[in-house]
Amino acid sequence: MTDSRVATSAPPVQEIRSGWGASRRRAKAARDEEFTAFVMSAGTRLRRTAYLMCRDWHLAEDLTQQAFAKMYAAWNRIRTGANLEAYSRRVLMNVVFDQQRRRSGSELVLADLPDHPDRAPAGTPELRVALVDALAQLAVKDRAVLVLRHAEDHSVETVATILGLSVPAVKMRNARALTRLRTLLGDDFPDR
Amino acid sequence: MEQHLRDQFDRAVGDDPGAPLDEMATAAIAAGTRLRERRHYWVPAGVAAGVLVVVGAVAGLTLPLDASKSDEPPVTVAAAMVPMTAPACLKRPVETDVTDAVVFLTPEVTDVQRAALDTALSQDPGLAARSYESREDAFRRFQIRWKDNPDLVKAVTPYELPESFRLRLRAAEQFTALRDRYASMGGVQEIIGRKCAAGAPIGGVL
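None of the values given here were measured: they were computed from a predicted structure.

A look at the overall build of chain A
Turning to step 1, where the next piece is worked out: Assigned secondary structure in chain A consists of 8 helices and 0 strands.
Turning to step 2, where the next piece is worked out: The buried share of chain A, taken over its 192 residues, is 45%.
Turning to step 3, where the next piece is worked out: The contacts of chain A with a sequence gap of at least 6 include a subset with a gap of at least 24, amounting to 64%.
Turning to step 4, where the next piece is worked out: Per element, the accessible surface of chain A, about 9800 Å² overall, is 52% carbon and sulfur.

Structure below.
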């Protein structure tokens, strides 16, 4: 098929085998830079969300990093997506859910609320600890709804998209979780 | 109440010990690269074929939010760029019993290199047939194949799709020798063998 384009000139001048590799390396460098910028801008907020979900800063860091790794693996596909924020929450929540499933059972032992005598009090320390501990007693999806809705301030619709739930399901879980939180926290519940 | 609750949540993370985000990014890149390689190890070899993959890619690109919950490997642009294996051929590239082969050329291949390859292939007694697909041909084919996925088509330029020679071998046992002969020639990126039934297009790819 190419016979027409065959030139009868000298043998190959030079091998340029590295060309493809070099352009790939350039693409990777650009991708890594863009991805790192995303981690720098989104990392802290995502890690705090993870902490509210798991009550442990080290685990939160680990979960966040797992979520970022998954995002990096799909970066070419998701980087131009309009809703990278929501997407990152979804990936994180799925990592959290997986982690909870793996250690399921152990989470129910939280009926005894641990003391945190060594934590430096700031503001209302009891309440601060109480809120996170109370959250830990909710079903993990209910906790996710509360965290996304009230800590992250996403709309009901966005929360529904992130969690793959319907809007009525999010509203129902939100109402149920708030009621439960009210019961757990008693007078501390900040509804006034 | 909402604002009040929000403040409580803010205070709840008030003892954040902090974490080095640059290190987190570096670690995520390393781990993410491993994830990619595990997902894609079979793809660069040219097996990105089949309806399942097409469906996956369409769903993956138009609804990126759905990708995170499925364990199926998402189709990347790189995977979509690989020519599709013909239905009459084994999906996986093979090393033995090779009936057809594709010689992918590097993006920087020169006219002289291409001509030298073409001459050599045309005179190769081990080949029953050969054809050539230019970058532009490859791009047209790519556009048609992914026409329902404009994001994917937009993400790729003709320059990024490799041109290739497609070959039919006279005898299966000649593949290794053939690859040895041509792999070291200038402008050759990769040579991939396939096992195809009679009636497959030359090279075993669409």
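Brief notes about the pairing of strand S3 (residues 164-169) of chain B
Residues and elements named next belong to chain B.
Turning to step 1, where the next piece is worked out: Of all 6 residues in S3, 5 are buried; the element is thus mostly enclosed.
Turning to step 2, where the next piece is worked out: In the sheet, strand S1 (residues 100-105) pairs with S3 via 5 bridges, with the strands oriented antiparallel. Across the sheet, Val102 pairs through a bridge with Arg166, a residue of S3.
Turning to step 3, where the next piece is worked out: As judged from the 6 bridges shared by strand S2 (residues 127-133) and S3, these two strands associate in the antiparallel manner. Bridging across to S3, Glu133 finds its partner in Ser164.

A short note on the nonpolar core
Turning to step 1, where the next piece is worked out: If you look at the biggest cluster of nonpolar residues, it comprises 61 residues, and the most contacted ones within it are Phe35, Leu52 and Leu163 of chain A.
Turning to step 2, where the next piece is worked out: Examining the composition of this core, we find that 10 residues originate from one element, helix H1 (residues 18-54) of chain A, more than from any other.
Turning to step 3, where the next piece is worked out: Formed jointly, this core draws a minimum of three residues from each of two domains, domain 1 (24-104) and domain 2 (114-192) of chain A.
Turning to step 4, where the next piece is worked out: Discounting residues that sit within four places of it in the chain, Leu52 of chain A has contacts with Val132, Leu135, Arg143, Val147 and Ala151 of chain A together with Phe9, Ala12 and Val13 of chain B.
Turning to step 5, where the next piece is worked out: Counting residues in hydrophobic clusters, the runner-up holds 18 residues, among them Val103, Leu105, Leu121 and Phe175 of chain B.

Description of the packing of helix H6 (residues 140-151) of chain A against helix H8 (residues 167-185) of chain A
All names here are of chain A.
Turning to step 1, where the next piece is worked out: Axis separation between H6 and H8 bottoms out at 9 Å; the angle between their running directions is 95°. On the basis of the axis angle, H6 is roughly perpendicular to H8. Side by side, H6 and H8 meet where Lys141, Asp142, Val145, Leu146, Arg149 and His150 of the first sit next to Val170, Arg173, Asn174, Arg176, Ala177, Leu178 and Leu181 of the second.
Turning to step 2, where the next piece is worked out: Residues of the contact of H6 with H8, tallied by class, amount to 6 nonpolar, 2 polar and 5 charged.

Comments concerning the environment of Ala69 of chain A
Turning to step 1, where the next piece is worked out: In this structure, Ala69 of chain A sits in helix H2 (residues 57-73).
Turning to step 2, where the next piece is worked out: Along the primary structure Ala69 of chain A and Val91 of chain A are separated by 22 residues, whereas in three dimensions their C-alpha atoms are 10.0 Å apart.
Turning to step 3, where the next piece is worked out: Residues within four places of Ala69 of chain A in sequence aside, it is in contact with Ala28, Ala31, Gly32 and Leu35 of chain B.

Examining the sheet that holds S3 of chain B
Strand-to-strand pairing in sheets goes through backbone hydrogen bonds, with the strands running parallel or antiparallel.
All names here are of chain B.
Turning to step 1, where the next piece is worked out: Here we have 4 strands laid out as an open sheet, ordered S2-S3-S1-S4, and antiparallel in their pairing. Where the open sheet ends on each side, the last strands, each with one partner, are S2 and strand S4 (188-194). The mean angle between the axes of side-by-side strands here comes to 15°, regardless of whether they run parallel or antiparallel.
Turning to step 2, where the next piece is worked out: Strands S1, S2, S3 and S4 of the sheet are contacted by helix H8 (residues 175-183), whose axis makes an angle of about 170° with S4.

Digging into the packing of helix H7 (residues 156-163) of chain A against H8 of chain A
Residues and elements named next belong to chain A.
Turning to step 1, where the next piece is worked out: Axis separation between H7 and H8 bottoms out at 9 Å; the angle between their running directions is 105°. Accordingly, the angle class assigned to the pair H7 and H8 is roughly perpendicular. From H7, Val156, Glu157, Val159 and Ala160 reach across to H8, where they touch Val167, Val170 and Lys171.
Turning to step 2, where the next piece is worked out: Of the residues belonging to the contact of H7 with H8, the class tally is 5 nonpolar, no polar and 2 charged.

Some points on the environment of Arg114 of chain B
All names here are of chain B.
Turning to step 1, where the next piece is worked out: Here Arg114 lies in helix H5 (residues 111-122).
Turning to step 2, where the next piece is worked out: Taking the relative accessible area as the measure of exposure, Arg114 reaches 10% and is therefore buried.
Turning to step 3, where the next piece is worked out: C-alpha separation for the pair Arg114 and Gly186, spaced 72 residues apart in sequence, amounts to 8.3 Å.
Turning to step 4, where the next piece is worked out: There is a polar contact of 2.7 Å between the side chain of Arg114 and the side chain of Asp111.

A short note on unusual backbone geometry
Backbone geometry follows two general trends: most residues other than glycine have a negative phi, and most peptide bonds adopt the trans configuration.
Turning to step 1, where the next piece is worked out: Positive phi is not limited to glycine here, since Arg55 of chain A has a value of about 70°.
Turning to step 2, where the next piece is worked out: Its place among the elements puts Arg55 of chain A in the loop between H1 and H2.
Turning to step 3, where the next piece is worked out: Phi is positive for Asp97 of chain B, which is not a glycine, with a value near 55°.
Turning to step 4, where the next piece is worked out: If you trace the backbone, Asp97 of chain B turns up in the loop between helix H4 (77-81) and S1.

Calculation rules
Residues numbered from 1 in each chain as written. Chains lettered and ligands numbered in written order. Predicted model: local features only at pLDDT ≥ 70, side-chain atom pairs only at ≥ 80, totals over all residues. Heavy atoms only, no water. Helix = DSSP H or I, 4+ residues; strand = E, 2+ residues; numbered from the N terminus. Buried < 20%, exposed > 50% of the residue type's maximum accessible area, 1.4 Å probe, protein only. Contact = heavy atoms within 4.5 Å. Areas by Shrake-Rupley, 256 points an atom, 1.4 Å probe, with all protein chains shown as cover. Pairing = 2+ DSSP bridges. Core = buried A, V, L, I, M, F, W, Y, C linked by side-chain atoms within 4.5 Å. Domains from an automatic or database assignment. Axes fitted to C-alpha atoms, helices over the stretch in contact; angles between N-to-C directions. Parallel < 35°, antiparallel > 145°, perpendicular 65-115°, else oblique. Nonpolar A, V, L, I, M, F, W, Y, C, P; charged D, E, K, R; others polar. Polar contact = N/O pair within 3.5 Å; in protein donor to acceptor, adjacent residues only side chain to side chain.

Nothing here speaks to function; it is all geometry.
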